[in-house]
Amino acid sequence: MQTTNTLPAPLSPSQQFLKQWGVTIFIAIAVIGITIWQYILNAQVTEAVLASTIRQSTPLVLGALCGLLCERSAVINIGIEGQMLLGAFVGFLVNVWTGNLLIAVIAAILAGALMGLLLAYMSVTLKMDQIIGGTVINILALGLTGYFYQVGLTTDGKMLPIPLGPLADIPIIGPAFFNNPPITYATFILVIAVHYVLFYTKWGLRTRAVGEHPRAADTLGVNVFKVRYVNVIVGGAIAGLAGAFLTLEAVGSFERAMTNGRGFVALAVMLFGKYTPLGAWGAALLFGFANAMQTQLQFADIKIAHQFIGMLPYVLTIVILSGFVGRTRVPAADGVPYEKE
Amino acid sequence: MTEENLALEIRNVTKRFPGVLANDNVSFSLRKGEIHALLGENGAGKSTLMNVVYGLYAQDEGEFFIDNKLVEINGPSDAINYGIGMVHQHFMLVPVFSVTENMILGSEVTKGTSLDLNRARKEILKISEAYGLEVDPDAIVEDLPVGVQQRVEILKALYRKANILVLDEPTAVLTPQEAEDLFVVMRQLTEQGVSIIFITHKLKEILNVADRVTVMRRGKVVGHTSPKETDQQGLATMMVGRDVLLEVEKSPAKPEDVVLEVEHLKITDERDVEVVKDISFEVRAGEILGIAGIQGNGQTELVEAMTGLRDATSGKVYLSGETIPFENPRYLVEHGVGHVPEDRHKHGLVLPYDLADNMVLNTYYQKPYAGQMLVRDEQAVLKNALGLIERFDVRAPGPDVAASTLSGGNQQKVIVGREFSRPLKVLIANQPTRGLDVGSIEYIHKEIVKMRDEGIGVVVISAELDEILSLSDRIAIMFRGEIVTIVEAKGTTREQLGLWMAGATPEAVV
């Protein structure tokens, strides 16, 4: 005995597309417009801003990929910061010892994955509160890296940009997109790969099901625990790669707490991107762009206190997050440990 | 035993939970192509048994035979492989997924590394046509009505080539019309060779659709019968273990002074729709006013306003002549208004709390539960709980178990115990027996009548015609936020009520 609730008339496909992507398209057009205009005015600075955008956004996208893999399978990961930091540190140390950048990157990824395993064990097997689990990882990473770090360690260098032939010579975007070091390229590929896995494969379907309604997945023979473990570990590995980016590609050395909140910004980026890899990428690029602009503005002779200019990327993020993006739908089972009986 | 053509045989299954023997040496057999009803009260162990068969719980003892062959079922994937499909009481559908995605989850069709949604869609359409279960493969599940979601669940089992289908209280969430449609589908399925286990506690449905009946009580099988050999009364007796009154026994009401008066009440909901339009009525001490109506005609909001959970746009509610404030539930608790809420999980209980705490949810700050200083008196809380458990026959291992572990009927008894044991002037019971079995219904009806006879003004809101007719002294019928009419229960027929509830004017119904 129910009254039939009249649902609002379904939107036509074009309306739906506009509703879903309208804001993104608008922002993208605005950014591209500004960029072209600036390029005409001053090509060098524009190319620098774009390159900086990519640099700034890379660890954030990677962090966000980690976060969304975890949360799509219903494990909240606020330990991205710690996973990144440990990845950065281990990568750096291995580089110091071996001088081999490839081995160093692999070590960083493994360190991140290990941290992912720890988080998975705490939240899936022990059913601990996941916020506490993540905090444990953050504190652990901060403590371990702080304790073992010795000042004065140096390395032979960092990963250098590899220009992709003629692509790198395209005006405006060439230098920014096609003349990057390996981890940045890997990030482009990872965004596409995670998007594909999440939305077009069996594993992705199961991951999303486990994040929304684990019992339903369980009744169909899906191993909820396994799905969560694998996603959280892979997520950790990606966070480790983000750490490797910092020490092996961007800076070339390690300093205490060098992640400097990027793991948390990555969480914001993930939400901003509505738990989708492409969305997170867009969000990270926007944040990186605002950050790059901010740096340029500080060089320019403008009579505004630099603290205010420094706030710009964050203010922009908040305004866009609250004003345009609208509600993000969180996976229904997010943060809830699964009990079998 | 094996001469028979059995689809499934369960032998001597025992399943223990901490403190409870859920299945005690249960045996059960399902013939090919039959609808076998599994009848029992809430908490009798029907669902547990089926969850064991489906591999969700591991049995402590016992064996399963499928097509007369011994099989081991260690998880749902085993059960699926043996052709067992289960439609759970609470649907196992991912609300944000499309029908197709829900269907293929766990048995995905792929092309290379990608999901092959196109092929899946075609297969689904083929099956849905073959069984006459129409469904749109691209619809998002949460947008579908409950009846269609259930169809998706059935198709999900058929998609996995199930020939044994377990339906766990499938009609609990359906409208009567949807239930009728389901029965038609069930018969069609058996004609195509599917064997169905139909779990229910609704007697009429069994007589309607089942071929055989197995009755369970307190974890044990207590008997077998068939609709040909028995009737509602017989089934009820078997299920409860004693003679049950399917009708409420009550003497004529002796109404006294007006205790509750609602005057020109108007309520607007969150979407700015006026859901209660100028309602007035009064309730006297010692009478039961039934409010009948199809769900969603403003009853929920009306009750929320009367119980302090919602503000009204205009109008007044008087309790013994005094105006009550809106949105102040504690005032009502302290002035003798009892409330059995519509949704016992959401508004009736704090599910993770134990029974003792749940039983003092609205009086914990009063003597004797609040002890010296800021400390509460655990002993008093416990004593209260033990008393209520005994008096209201709550079947639970003890007062310290979480409310979430109890069956629906026993949860409702916890609420009834908490509300009915306070000194009351007015009792408002919204859907007091929804989802309960006959034993619990009988019990709660008896308690409600007892409250009336003690001189309390009772309001019962229900969508069940039988409940309204048998409990009420007077009946108010609500339709689209208005009261169509208020009539004496005596002499009113089901048909009249049904017409009023569907919006017929009082004059049109004679």
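The rules behind each value
- Residues numbered from 1 in each chain as written.
- Chains lettered and ligands numbered in written order.
- Predicted model: local features only at pLDDT ≥ 70, side-chain atom pairs only at ≥ 80, totals over all residues.
- Heavy atoms only, no water.
- Contact = heavy atoms within 4.5 Å.
- Buried area = accessible area lost by both parts, 1.4 Å probe.
- Salt bridge = Lys/Arg side-chain N within 4 Å of Asp/Glu carboxyl O.
- Polar contact = N/O pair within 3.5 Å; in protein donor to acceptor, adjacent residues only side chain to side chain.
- Helix = DSSP H or I, 4+ residues; strand = E, 2+ residues; numbered from the N terminus.
- Nonpolar A, V, L, I, M, F, W, Y, C, P; charged D, E, K, R; others polar.
- Axes fitted to C-alpha atoms, helices over the stretch in contact; angles between N-to-C directions.
- Left-handed = near helix turned anticlockwise from the far one by under 90°.
- Buried < 20%, exposed > 50% of the residue type's maximum accessible area, 1.4 Å probe, protein only.
- Core = buried A, V, L, I, M, F, W, Y, C linked by side-chain atoms within 4.5 Å.
- Phe/Tyr/Trp six-rings, centres within 6.5 Å; stacked < 30°, edge-to-face > 60°.

Caption draft 1: Examining the interface of chain A and chain B more closely. On the chain B side, the residues contacting the 24 residues of chain A number 41 residues. Across the chain A/chain B interface, buried area totals approximately 2,700 Å², and carbon plus sulfur atoms make up 63% of it. Our enumeration of links across chain A and chain B arrives at 3 salt bridges. The residue Glu-101 of chain B makes a salt bridge to Arg-208 of chain A at a minimum N-O spacing of 3.6 Å. Counting every contact that joins chain A to chain B gives 8 residue pairs in polar contact (both at pLDDT 80 or more). When contributions to the side of chain A that touches chain B are tallied by element, the ones reaching two or more residues are α7 (182–200), α8 (202–212) and α9 (214–219) of chain A. Here the side of chain A that touches chain B is composed, by residue class, of 10 nonpolar, 6 polar and 8 charged.

Caption draft 2: Expanded view of the packing of helix α2 (residues 43–72) of chain A against helix α11 (residues 262–272) of chain A. Residues and elements named next belong to chain A. Relative to each other, α2 and α11 sit at 65°, their axes nearing to 8 Å. Considering the relative orientation of α2 and α11, their crossing is right-handed. Each of Pro-59, Leu-60, Gly-63, Ala-64, Gly-67, Leu-68 and Glu-71 in α2 lies in contact with α11, whose residues at this interface are Arg-262, Val-265, Ala-266, Leu-267, Val-269 and Met-270. Looking at the contact of α2 with α11 residue by residue, the class counts come to 9 nonpolar, 2 polar and 2 charged.

Caption draft 3: Representation of the environment of Val-61 of chain A within the structure. Residues and elements named next belong to chain A. By the element assignment, Val-61 lies in helix α2. Assessed through its relative accessible area of 0%, Val-61 is described here as buried. Note: C-alpha distance between Val-61 and Leu-278 (217 residues apart in sequence) is 9.3 Å. Residue contacts for Val-61: discarding those within four places in its chain leaves Thr-187, Val-191, Trp-281 and Ala-284.

Caption draft 4: Expanded view of the nonpolar core. Formed by 71 residues in total, the largest nonpolar core has its most connected members in Leu-65, Leu-68, Ile-183, Phe-254 and Val-269 of chain A. At the level of elements, α2, α3 (80–98), α4 (101–125), α5 (130–148), α7, α10 (224–250), α11 and α12 (277–299) of chain A are the ones that each hand at least two residues to this core. Looking at this core element by element, the count peaks at 11 residues for α2 of chain A. What Leu-65 of chain A contacts, discounting residues up to four positions off in sequence, is Leu-190, Val-191, Val-194, Ile-238 and Pro-277 of chain A. Core analysis: the next-biggest nonpolar cluster, separate from the first, contains 65 residues, Val-94, Leu-115, Val-135 and Leu-144 of chain B among them.

Caption draft 5: Geometry of the packing of aromatic side chains. Residue and element names in this part refer to chain A. For the structure on display, the rule yields 14 aromatic pairs over all chains. Residues Phe-177 and Phe-178 carry aromatic rings whose centres are separated by 6.5 Å and whose planes lie at 50° to one another, so their mutual orientation is tilted. Judged by centre distance (6.1 Å) and plane angle (15°), the ring pair of Tyr-196 and Tyr-200 falls under stacked. In this pair, Tyr-196 and Tyr-200 both sit in helix α7, 4 residues apart, roughly one turn of the helix. Here the aromatic residues Phe-177, Phe-178, Tyr-185, Phe-188 and Trp-281 are joined through ring pairs into a cluster of three or more.

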